[in-house]
Protein chains: 4
Amino acid sequence: MAHTFRDRRRIEFYETDMAGIVHFSNFFRFMESTEHAFFRSLGLSLHRGGPEGMSGWARVGAECAFRRPLHYMDEVEIELVVREKKQTSLAYDFVFRRVADRDGPVAPDEVATGRLSVVHVTAANGGRMKAAGMPPDVARAIEVAPSA
Amino acid sequence: MAHTFRDRRRIEFYETDMAGIVHFSNFFRFMESTEHAFFRSLGLSLHRGGPEGMSGWARVGAECAFRRPLHYMDEVEIELVVREKKQTSLAYDFVFRRVADRDGPVAPDEVATGRLSVVHVTAANGGRMKAAGMPPDVARAIEVAPSA
Amino acid sequence: MAHTFRDRRRIEFYETDMAGIVHFSNFFRFMESTEHAFFRSLGLSLHRGGPEGMSGWARVGAECAFRRPLHYMDEVEIELVVREKKQTSLAYDFVFRRVADRDGPVAPDEVATGRLSVVHVTAANGGRMKAAGMPPDVARAIEVAPSA
Amino acid sequence: MAHTFRDRRRIEFYETDMAGIVHFSNFFRFMESTEHAFFRSLGLSLHRGGPEGMSGWARVGAECAFRRPLHYMDEVEIELVVREKKQTSLAYDFVFRRVADRDGPVAPDEVATGRLSVVHVTAANGGRMKAAGMPPDVARAIEVAPSA
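Residues numbered from 1 in each chain as written. Chains lettered and ligands numbered in written order. Predicted model: local features only at pLDDT ≥ 70, side-chain atom pairs only at ≥ 80, totals over all residues. Heavy atoms only, no water.

Asker: If you had to explain the overall build of chain A to someone new, which residues and values would you point to?
Answerer: A count of helical and extended segments in chain A gives 2 helices and 7 strands. Going from the N terminus to the C terminus, chain A shows its helices and strands as β-α-β-β-β-β-β-β-α. With the C-alpha coordinates aligned to their principal axes, the bounding extent of chain A is approximately 50 × 35 × 25 Å. Across the 148 residues that make up chain A, the buried fraction comes to 58%. Once local pairs closer than 6 in sequence are excluded, the contacts in chain A between residues at least 24 apart make up 68%. (Helix = DSSP H or I, 4+ residues; strand = E, 2+ residues; numbered from the N terminus. Buried < 20%, exposed > 50% of the residue type's maximum accessible area, 1.4 Å probe, protein only. Contact = heavy atoms within 4.5 Å.)

This is the structure:
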């Protein structure tokens, strides 16, 4: 069972804004992207669809504290840690560390921390999403991280 | 029947990049947004979904020529003109004119021109999209603009 | 002095994701857009640049709780209330209310709540951003909302 | 000297729209991202800033033809080929090939082709961007591809 995952990405030009730094809304996309990579690393998918309807994970809460900005060409490591697991929901903590800038590796520097709370939902085609027990393969593969 | 439509929007901070101007990819979003507003002005929707499947308009071609940049708080007028109408497809030309900056109205200034080609598609739930004759209400409401 | 502001926007097609709803990262863009409109309503700008450097408002914290999804063509009212004002910082609460869907007005429905904490920063050209006392015109125009 | 470059990326959930496919505006972001990776592979940067001003590459034209959609978790190879090089400008052709879907590798499938035309610009701090001869290190490193 897995509870921690690390991903890396390089900042794209189109993720910056006129202040010359990564737009804060993108940190939420980066968290989600890491969540998807975590699932993928376990052979799982966060979103399943088909003729009979969809199964996915609705976001119910998201937060981020920003300490330092990220810039174009920075490389950032994003660490996901599972903090909560209930019948229909998961919550993750995230740490963003800058590990390189455009000139190469730098001493890892914590630039932001975040949290995402998600609920498993299903929907018939054209219907509303409803909370539903998480898929058994997810329940088997993911666990809460031991407290420090 | 309608063939021309004008929309206005103010540039958002999050639409800029570190060069201090609107990221070029957003001009394509602005074109699409104007297309949706054009349909809405006629009581139509570009995307229809339901228990039996979806009907929409797939983009098959998009282009834009950029003459001058747009900045945060600029107001831009976007003119759509229908240039082509076939059984399953439409093509629009667009002109972007800056009509105000952060200090107020300016003499209209053509900043970009674009073109969008779209094909009507339908898909059964979970199935592939296929080209299909456009909905009768769209065919009745939209026509090609007379040539100048 | 002002402490409350309301803005409205219609959901764009490009703001949705494959789950058929507004991607959660866009709620953070909507908050910021409302903040900018609040400043603009007071004759102020959140971002000032020039030959000598820039003055802006860095985001230090952002959070959102999502109750119900927003869909394509929904109209949403976003209410901003100033909750904190210090020498260099402001914090706002937000309430998102769906007020119309594609078929017309609906009974206002609270879909999400959020919070944004921002710090006034300045930077010389090419230099790092540093916290700095907020501009006098902002300090004169904005106040904390009276508690209920 | 270099004239061809290939990059790969996996489609993110947040790059999809309610039609269940990658939003067409993102293909333009993918082209630009590949252009940046091409420059980076040569030890170059597309955007340089500092106390005295900025140097960058303004987009003057962009187009894309879409043959087939991309979906969540697809992996796409993006090939850039330099087609034009003048004193101040470059033009690239792009081919997008789907090389994997969520279940693993697939026979490479051309899903889109594009073109980007860019002009080298410089700007003093707070000033307007003006076309300017491309930096010597770029002129030395990049050439037009031989015609087939």
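So, next bit.
Asker: I'd like a rundown of the interface of chain B and chain A, residues and numbers included.
Answerer: With 13 residues of chain B at the contact, the number on the chain A side is 13 residues. Of the roughly 1100 Å² buried at the junction of chain B and chain A (both faces included), carbon and sulfur atoms supply 72%. In terms of surface lost to chain A, no three residues of chain B exceed Phe13, Met18 and Asn125 of chain B, which account for 48% of the buried area on that side. Here chain B is connected to chain A by 0 salt bridges. Put simply, chain B and chain A have 4 residue pairs in polar contact (both at pLDDT 80 or more) between them. Here the residues of the side of chain B that touches chain A sort into 6 nonpolar, 6 polar and 1 charged. (Buried area = accessible area lost by both parts, 1.4 Å probe. Salt bridge = Lys/Arg side-chain N within 4 Å of Asp/Glu carboxyl O. Polar contact = N/O pair within 3.5 Å; in protein donor to acceptor, adjacent residues only side chain to side chain. Nonpolar A, V, L, I, M, F, W, Y, C, P; charged D, E, K, R; others polar.)

Asker: So what's going on with unusual backbone geometry? Which residues, and what values?
Answerer: Negative phi values dominate among residues other than glycine, just as trans dominates among peptide bonds. Phi is positive for Met73 of chain C, which is not a glycine, with a value near 80°. Inspection of the secondary structure assignment puts Met73 of chain C in the loop between β3 (53–66) and β4 (75–85).

Asker: Explain the pairing of strand β4 (residues 75–85) of chain B residue by residue, including any values.
Answerer: All names here are of chain B. Within β4, 8 of the 11 residues are buried, leaving the element largely enclosed by the surrounding structure. Where strand β1 (residues 4–10) lies against β4, 7 bridges are found, and the strand directions are antiparallel. Across the sheet, the residue bridging to Thr4 is Val81, located in β4. Sheet analysis places β4 next to strand β5 (residues 89–101), joined by 10 bridges and oriented antiparallel. Note on β5: the bridge partner recorded for Val82 is Tyr92. Connecting the antiparallel pair β4 and β5 is a turn made up of 3 residues. (Pairing = 2+ DSSP bridges.)

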